[in-house]
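# Observations on the three-dimensional arrangement
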Amino acid sequence: MGEVGEFEELRPLLFSIAYRILGSVGEAEDAVQETWLRYDASTTRPVSAKAFLSATVTRIAIDVLRSARVRREEYVGPWLPEPLLDDPYEDPARAAELAESVSMAALLLLERLSPLERSVFVLRDVFAFGFDEIAAAVGRSEAACRQLLVRARRHMHEGRPRFEADRRERQELARRFFEALAQGDLEGLRSLLSADVQLVGDGGGKAPQLARAVSGAENVARLLASVYPLMARADITFEPHEVNGQPGALFRDRDDKVLHILALDVLDGQIQTIRSVINPDKLGHLGTVADAWAVDQEVKRVRKRTR
């Protein structure tokens, strides 16, 4: 197999590594492309293309993440990862680790780690790389990598929920949630939400968003039950779809353009967190993006007509 063939075979793995380190589809794709350019420019062929390419994409992602941290500190409103509808990398032997590590909740926990801790955790606990390979990728000794992993695991463990829902339970709860959402069923929504549920929106200052996170089952249910029927009258539709391996939905305007996504965290039989990404910069990889400001104005006109 030639260099191009080797690279294309490993592209899904490289993207999945970069996405988990960066939390950005666009930045991950750029990191993979830069990895190819370095691979193509190399005058010597590595013994292991997988080891070389994985190490290269990791180092590139670490550099990008360090500069991205500064931008995220200046981000307008809550920052959420770019939504990923389908993870291109599959490994049946590590399916559980892959699914858990790509969820928005996990990616937000990873944000607490330093770039090196994050990279070591992703390479070891998600993709099962050996410590010799990890050390070569991050430029640290194997002993140092083991210490980085210990710290990373501690931070991740402290932030993880105590109870997790199985896939079937999540899907059933999501089905009932979106059914109640479509009907504007206040009581139905309220019954599915945990008492301290949070609704978090990411508009990045580039689209209408919640001024702050909305908390509590009553507040969140009332907001959802009042807003989404109005959106339906403005010809906004949604299709249930997994978002970062969790239940969610993709919302579109009447011209079939992507408006925003919702992702649900389901734990212990209830919805704990609802995350909405409407920042157009984070939706372009999903299709043509709608004008969220125009949709917002139309929804407001619908509200006035129905009073």
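Now for a look at the structure at hand. (Residues numbered from 1 in each chain as written. Predicted model: local features only at pLDDT ≥ 70, side-chain atom pairs only at ≥ 80, totals over all residues. Heavy atoms only, no water.)

### Considering helix H7 (residues 131-138)
For the record, the criterion: Buried residues are those whose accessible area, probed at 1.4 Å on protein chains only, stays under 20% of the maximum for their type, while exposed residues exceed 50% and partly exposed ones sit between those limits. A run of H or I in DSSP counts as a helix once it spans at least four residues, and a run of E counts as a strand once it spans at least two, with each numbered from the N terminus. This arc is taken over the directions from the axis of the helix to the C-beta atoms. Whether two residues are in contact is decided by their heavy atoms, any of which lying within 4.5 Å being enough.
Among the residues of H7, those classed as buried are Phe131, Ile134, Ala135, Ala137 and Val138. The buried residues of H7 all sit within an arc of 165° when viewed along its axis, so they share a single face. Check the buried side of H7 and you find it contacts helix H3 (49-73), helix H6 (115-126) and helix H8 (142-159). Looking one or two residues past H7, Gly139 carries a phi angle of roughly 75°, positive in sign.

### A look at the side chain of Arg252
Our working rule: Polar contact is the term for a pair of N or O atoms within 3.5 Å; when the atoms are in protein, one must be able to donate a hydrogen and the other to accept it, and sequence-neighboring residues count only if both atoms are side-chain atoms.
Within the element layout of this structure, Arg252 appears in strand S4 (residues 248-252). For Arg252, a relative accessible area of 14% gives the class buried. Within the structure, the side chain of Arg252 is placed 3.3 Å from the side chain of Glu239, a separation counted as a polar contact. Discounting chain neighbours no more than four positions away, the residues touching Arg252 are Asp235, Ile236, Thr237, Glu239, Lys257, Val258 and Leu259.

### So, the pattern of salt bridges
Here the idea is simple: oppositely charged side chains can pair when their charged atoms come close. Rules: One side-chain nitrogen of Lys or Arg within 4 Å of one carboxyl oxygen of Asp or Glu is enough to make a salt bridge.
Under the counting rule described, the total for this entry stands at 25 salt bridges. Arg71 is the salt-bridge partner of Glu27, the closest N and O atoms lying 2.5 Å from each other. Of this pair, Glu27 sits in helix H2 (residues 25-41) while Arg71 is found in helix H3, placing the two residues 44 residues apart along the sequence. The partly exposed category is assigned to Arg71, whose relative accessible area is 44%. In this structure, the salt-bridge partner of Glu27 is Arg72, at a minimum N-O distance of 3.8 Å. Here Arg72 lies in helix H3 and Glu27 lies in helix H2, a separation of 45 residues in the sequence. Like Glu27, the residue Arg72 is buried in the burial classification. Connected via shared salt-bridge partners are Glu27, Arg71, Arg72, Glu111 and Arg118.

### Observations concerning the packing of aromatic side chains
The line we're drawing: Think of it this way: a Phe, Tyr or Trp ring, Trp meaning its six-membered ring, pairs with another when their centres are within 6.5 Å, and the plane angle makes it stacked under 30 degrees, edge-to-face over 60, tilted otherwise. The criterion for a charge sitting over a ring is simple: Lys NZ or Arg CZ within 6 Å of the ring centre, and within 35 degrees of the ring normal.
Per the stated rule, a full pass over the model turns up 9 aromatic pairs. Ring centres of Phe7 and Trp36 lie 5.1 Å apart, and the angle between their planes is 55°; on these two criteria the pair is classed as tilted. Taken together, the residues Phe7 in helix H1 (residues 3-22) and Trp36 in helix H2 connect sequence positions 29 residues apart. Across the pair, Trp36 and Phe7 agree in class, each one buried. Residues Tyr89 and Phe127 carry aromatic rings whose centres are separated by 5.7 Å and whose planes lie at 55° to one another, so their mutual orientation is tilted. Of this pair, Tyr89 sits in the loop between H3 and helix H4 (95-101) while Phe127 sits in the loop between H6 and H7, and the two are 38 residues apart along the sequence. In this structure an aromatic cluster arises from ring pairing among Phe177, Phe178, Tyr228, Phe238 and Phe251. Between Lys50 and the ring centre of Phe129, over which it is positioned, the NZ or CZ distance is 5.4 Å. Here the guanidinium or amino end of Arg146 rests over the ring plane of Phe131, the centre of that ring lying 4.1 Å away.

### Some remarks on unusual backbone geometry
Not every positive phi belongs to a glycine, and Ala128 is a case in point at roughly 60°. Relative to the assigned elements, Ala128 resides in the loop between H6 and H7. Under the relative-accessibility criterion, Ala128 is labelled partly exposed at 42%. With a phi close to 70°, Asp256 is a non-glycine residue in the positive phi region. Note that Asp256 resides in the loop between S4 and strand S5 (258-267).

Functional significance is not addressed by these values, which are geometric in nature.
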